[in-house]
Amino acid sequence: MAFVEPVTLGARGVELVPLTLDHETGLCAAAADGALWNIRVTSVPEPENTRQYIADALAMREAGNRFAFAVVETATGQVLGCTSYHDIVPAVKRVEIGWTWYGKSSQRTHVNTTCKLLMLTHAFETLGCQVVGWRTDNYNFASQAAIERLGAKKDGVIRGHALRRDGTIRDTVMYSMRSGEWPEAKAQLLYLLDKPR
């Protein structure tokens, strides 16, 4: 049995649905909302590479090291983006959250906070994770700020860690949250979601 089993998570008008090839058209449209594949510090697929992006995610799911979700607007079924559990290590009850991106019109809305609340709740309260991690490009300052807003702690920087899409080598900033930190982080996320916009 896989550590992360197929599940649909939902709240506040947003659903996380296991990613399938049926989401290809919707993912293409979400990526086109802002031409996100042109941002050098993200993993957003170019339109012509979206099917391969999904196929790769499904292969990683089969191997047990990534579980990708399509982020969907509940009311309309519109695909807003994608997010994943990855680097899944059942032996130490650890997952990371990443491969996350949203169409430009969903950025700076409640969508990301809602998705993180859903994924963290599932990780800590259903899967029994001891720690949840994140990693991001050292130049992706927006991502670093978003991760820190969740209450995650910066673990450090792995230098010369991975290739970017443009062929340059990135440093990777690592973050984590332990299970004992989750109740306070959850309270803060609920506060952020409930306060008037």
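Here, the structure is the one placed above.
## Quick look at the environment of Gln78
Link 1 in the chain: Checked against the element boundaries, Gln78 lands in the loop between β3 (66-73) and β4 (79-89).
Link 2 in the chain: For Gln78, a relative accessible area of 43% puts it in the partly exposed group.
Link 3 in the chain: Along the primary structure Gln78 and Ile169 are separated by 91 residues, whereas in three dimensions their C-alpha atoms are 34 Å apart.
Link 4 in the chain: Not counting chain neighbours up to four residues away, the residues in contact with Gln78 comprise Val71, Val72 and Glu73.

## Observations concerning the nonpolar core
Link 1 in the chain: Within the largest apolar cluster, 36 residues are counted, with the highest numbers of intra-cluster contacts made by Tyr85, Val95, Leu120, Val132 and Trp134.
Link 2 in the chain: For this core, the secondary-structure elements that each account for two or more residues are β2 (14-18), β3, β4, β5 (94-102), α3 (111-126), β6 (131-137), β8 (169-178) and α5 (182-194).
Link 3 in the chain: For this core, the element with the highest residue contribution is α3, accounting for eight residues.
Link 4 in the chain: Core analysis: the next-biggest nonpolar cluster, separate from the first, contains 15 residues, Leu19, Ala31, Ala57 and Ala68 among them.

## Some thoughts on the pattern of salt bridges
Link 1 in the chain: Per the counting criterion, the structure on display carries eight salt bridges.
Link 2 in the chain: Of the charged contacts, one joins Glu24 and Arg51 as a salt bridge, the two residues approaching to 2.9 Å between their closest N and O atoms. Taken as a pair, Glu24 in helix α1 (residues 24-32) and Arg51 in helix α2 (residues 50-63) lie far apart in primary sequence, 27 residues in all.
Link 3 in the chain: The exposure class assigned to Arg51 is partly exposed, which follows from its relative accessible area of 44%.
Link 4 in the chain: Measuring nitrogen to oxygen at the nearest pair gives 3.5 Å for the salt bridge that ties Arg135 to Asp87. Placement of Arg135 in strand β6 and of Asp87 in strand β4 is noted, with a sequence separation of 48 residues between them.
Link 5 in the chain: Take Arg135: its relative accessible area is 26%, and that puts it in the partly exposed class.
Link 6 in the chain: Asp87 gets classed as partly exposed once you look at its relative accessible area, which sits at 35%.
Link 7 in the chain: Among the ionic contacts, a cluster of salt bridges with common partners joins Asp87, Arg94, Glu96 and Arg135.

Analysis parameters
- Residues numbered from 1 in each chain as written.
- Predicted model: local features only at pLDDT ≥ 70, side-chain atom pairs only at ≥ 80, totals over all residues.
- Heavy atoms only, no water.
- Helix = DSSP H or I, 4+ residues; strand = E, 2+ residues; numbered from the N terminus.
- Buried < 20%, exposed > 50% of the residue type's maximum accessible area, 1.4 Å probe, protein only.
- Contact = heavy atoms within 4.5 Å.
- Core = buried A, V, L, I, M, F, W, Y, C linked by side-chain atoms within 4.5 Å.
- Salt bridge = Lys/Arg side-chain N within 4 Å of Asp/Glu carboxyl O.

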